[in-house]
Amino acid sequence: MRARIVGTGSFLPEYRMSNFELSELVETSDEWITSRTGIKERRIAKELTVSDMAANACIRALENASVTPEQVDLIIVATSSPDYFFPNCASIVQKKIGACNAACFDLSAACSGFIAALSTAAAYAEAGIYSNILVVGSEKMSSLVDWKDRSTCILFGDGAGACVVGRRASGDGAEIISGDFHNDGNNNDVLTAEKSGFIHMDGQAVFKFAVKKVPETIKHLLEEEGVQTQDVKYYILHQANIRIIESVAKRLEINASESGKAQNEYVKTVMEKFPSNLQKYGNTSSASIPILLDELNRENKLHPGDLLVFAGFGAGLSWGSMLVRW
Ligand code: ACO
């Protein structure tokens, strides 16, 4: 019996804040934001809480998995923007969805939070401790940004993504094959959000860290499993910045060069392996990977046997990746 992803769900608040609207709050422009980040708009939760968004994503994931709330035996919410210090967000989600038999805890690993939560859930399922685990990334980043700071407020958005991890026999769900997770606390000061303050970030340091460490963890993961980079159907990366994703794609040196392929065709073939939705949602931190996974799932872009790599990176500094066979 292995740990498998048996359902996915996501929730995005309705309100869309465009780059044009932002340019009325701070001195910026659609052209600057689009060319430096790829982001065109982001969703803003307004009165919705992190637990509201998480609960909605969980209900959709449970429906998708055909698992009832009563069958859930563990809820892990990855978040850096919880409703309260305590109770934890998972306990509030438990009440909102009626998962009365679940143990509950939150996990804080910023934009790597979903990778940390998914690997924790996989370990519990593999060990036979829990059979139906809700893994959620949910963030209200709009509550952490200084809306007067143009270097950070343009980057982030709100939303939630979830999946159900089950202990299941072969053929039922997507197999979680392995993972790789790291942290460098010595450099924790380049990306911080103070207790009652705002996000502070050395953008260029975060950029350099991400484009070095993400390819490293992915290459290590694939080497360990004997998988070639071109054999992966989709690389589902944390959605921070399209330039980070493009740089990671380049550094993975994916061999898609069926001889004679023109350079622009090669780039297109490679980038098809790196789906992105940051144009619509900005950086939703721990929620970005499960939101994108759910969109791919619901668009029927995932087929049995497809190899998927998830990779997260962010404050800590933390970074990690996971390999899944759909
Ligand atoms: N609009 C217009 N101009 C701006 C803006 C803005 N929103 N923000 C900064 N500028 C200006 C700066 O003041 C600077 O002006 P100057 O040259 O006169 O001093 C100029 O633009 C260049 O600024 P840089 O900071 O050098 O711009 P850079 O090209 O590095 O882009 C960015 C900044 C987009 C933040 C980039 O560094 C980046 O994406 N870094 C990664 C950040 C990230 O992804 N963080 C989150 C990852 S982890 C997590 O998810 C929590």
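Residues numbered from 1 in each chain as written. Predicted model: local features only at pLDDT ≥ 70, side-chain atom pairs only at ≥ 80, totals over all residues. Heavy atoms only, no water.

Chemist: Could you clarify how one ought to interpret the overall build of the protein in this entry?
Modeler: Scanning the protein from terminus to terminus reveals 11 helices and 13 strands. Against the 2.2 N^0.38 benchmark of 20 Å for 326 residues, the protein shows a C-alpha radius of gyration of 19 Å, consistent with a compact globule. Per-residue burial for the protein yields a buried fraction of 55% across its 326 residues. Sequence-distant contacts in the protein: of pairs separated by 6 or more residues, those separated by 24 or more amount to 77%. Element-wise, carbon and sulfur atoms account for 48% of the exposed surface of the protein, whose accessible area totals about 14,100 Å². Here the protein contributes 32 positively and 40 negatively charged side chains, and the mean placements of these two sets differ by 2 Å. (Helix = DSSP H or I, 4+ residues; strand = E, 2+ residues; numbered from the N terminus. Rg over C-alpha atoms; globule rule 2.2 N^0.38 Å. Buried < 20%, exposed > 50% of the residue type's maximum accessible area, 1.4 Å probe, protein only. Contact = heavy atoms within 4.5 Å. Areas by Shrake-Rupley, 256 points an atom, 1.4 Å probe, with all protein chains shown as cover. Lys, Arg positive; Asp, Glu negative; His and termini not counted. Charge placed at Lys NZ, Arg CZ, Asp CG, Glu CD.)

Chemist: Is there a simple way to think about the domain arrangement of the protein in this case?
Modeler: You'll often see interface size given as the accessible area lost when the parts meet. Partitioning the protein into structural domains gives domain 1 (2–168) and domain 2 (174–325). A straight line from the C-alpha centre of domain 1 to that of domain 2 covers 17 Å. Each side of the interface is counted separately: domain 1 has 52 residues, and domain 2 has 44 residues. Buried surface at the junction of domain 1 and domain 2, summed over both partners, amounts to about 3,800 Å²; 63% is from carbon and sulfur atoms. It is Ile-5, Cys-111 and Ile-115 in domain 1 that bury the most area against domain 2; as a group they hold 17% of the surface buried on that side. Summed over the shared surface of domain 1 and domain 2, the result is 1 salt bridge. The shortest N-O distance in the salt bridge between Glu-175 and Arg-2 comes to 2.9 Å. Linking domain 1 with domain 2 are 25 residue pairs in polar contact (both at pLDDT 80 or more). Elements with a contribution of two residues or more to the side of domain 1 that touches domain 2: strand E1 (2–11), helix H2 (30–37), strand E3 (41–44), helix H3 (50–65), helix H5 (113–126), strand E6 (132–140), helix H6 (150–153) and strand E7 (158–168). When grouped by side-chain class, the residues that make up the side of domain 1 that touches domain 2 number 22 nonpolar, 18 polar and 12 charged. (Domains from an automatic or database assignment. Buried area = accessible area lost by both parts, 1.4 Å probe. Salt bridge = Lys/Arg side-chain N within 4 Å of Asp/Glu carboxyl O. Polar contact = N/O pair within 3.5 Å; in protein donor to acceptor, adjacent residues only side chain to side chain. Nonpolar A, V, L, I, M, F, W, Y, C, P; charged D, E, K, R; others polar.)

Chemist: Help me understand the packing of helix H7 (residues 203–225) against helix H8 (residues 242–251), please; the structure alone is not making it clear to me.
Modeler: Each packed pair of helices is defined by two parameters, the angle between the axes and the distance between the axes. Between H7 and H8, the least distance of the axes is 9 Å, while the angle of their chain directions is 40 degrees. As far as their axial angle goes, H8 and H7 are oblique. For H7 against H8, the interelement crossing comes out right-handed. Two secondary-structure elements touch here, H7 through Phe-207, Ala-210, Val-211, Lys-212, Val-214, Pro-215, Ile-218 and Lys-219 and H8 through Arg-243, Ile-244, Ser-247, Val-248 and Arg-251. In the contact of H7 with H8, the residues fall into 8 nonpolar, 1 polar and 4 charged. (Axes fitted to C-alpha atoms, helices over the stretch in contact; angles between N-to-C directions. Parallel < 35°, antiparallel > 145°, perpendicular 65-115°, else oblique. Left-handed = near helix turned anticlockwise from the far one by under 90°.)

Chemist: Is there a simple way to explain the pairing of E7 in this structure?
Modeler: Within a regular strand, the side chains alternate between the two sheet faces. In terms of burial, E7 is a largely internal element, 10 of the 11 residues being buried. Strand direction decides the pairing type here: E1 and E7, joined by 9 bridges, are antiparallel. Each bridged residue has a counterpart across the sheet, and for Thr-8 the counterpart in E7 is Cys-163. (Pairing = 2+ DSSP bridges.)

Chemist: What is the right way to look at the pattern of salt bridges in this model?
Modeler: Side chains that carry opposite charge are capable of pairing whenever their charged atoms lie near each other. A complete count under the given rule lists 15 salt bridges for this structure. Lys-96 is the salt-bridge partner of Asp-52, the closest N and O atoms lying 2.7 Å from each other. Here Asp-52, found in helix H3, pairs with Lys-96, found in helix H4 (residues 89–97); they are 44 residues apart in sequence, far enough to count as distant. Owing to a relative accessible area of 40%, Lys-96 belongs among the partly exposed residues under this scheme. Where Lys-280 meets Glu-295, a salt bridge forms, and the shortest distance between an N and an O atom there is 3.5 Å. Remark: Glu-295 occurs in helix H11 (residues 288–298) and Lys-280 occurs in helix H10 (residues 278–281); sequence separation between them is 15 residues.

Chemist: For this particular structure, what's the right way to read H11?
Modeler: Structurally, the α-helix is built with 3.6 residues per turn, so residues lying three or four positions apart point the same way. For H11, the buried fraction is high: 10 of the 11 residues fall into the buried class. Ser-288, Ile-289, Pro-290, Ile-291, Leu-292, Leu-293, Asp-294, Glu-295, Leu-296 and Asn-297 are the residues of H11 that are buried. Taken from the residues just after H11, Asn-300 is the one with a positive phi, measuring 55 degrees.

Chemist: I keep staring at the pairing of E6 and nothing clicks. Help me out?
Modeler: Across the 9 residues that make up E6, a large majority, 9, are buried. Every second residue of E6 is oriented toward a common face, with Asn-132, Leu-134, Val-136, Ser-138 and Lys-140 on one face and Ile-133, Val-135, Gly-137 and Glu-139 on the other, all of them buried. Across 5 bridges, strand E4 (residues 74–78) lies against E6 in parallel orientation. Counterpart to Ile-76 in the pairing with E6 is Val-135.

Chemist: What exactly am I supposed to notice about the nonpolar core here?
Modeler: The biggest cluster of nonpolar side chains holds 48 residues, and the ones touching the most others in it are Ile-218, Tyr-235, Leu-237 and Phe-274. Mapped onto this core, the elements with two or more residues apiece are H7, strand E11 (234–237), H8, strand E12 (307–314) and strand E13 (318–325). With 8 residues, H7 is the largest single contributor of residues to this core. Two domains share this core, each providing at least three of its residues, namely domain 1 (2–168) and domain 2 (174–325). The contacts of Ile-218, once residues within four sequence positions are left out, are Tyr-235, Leu-237, Val-248, Leu-252, Val-309, Ala-311 and Ser-321. By size, the runner-up hydrophobic cluster in this structure holds 34 residues, among which are Tyr-130, Val-135, Ile-236 and Leu-292. (Core = buried A, V, L, I, M, F, W, Y, C linked by side-chain atoms within 4.5 Å.)

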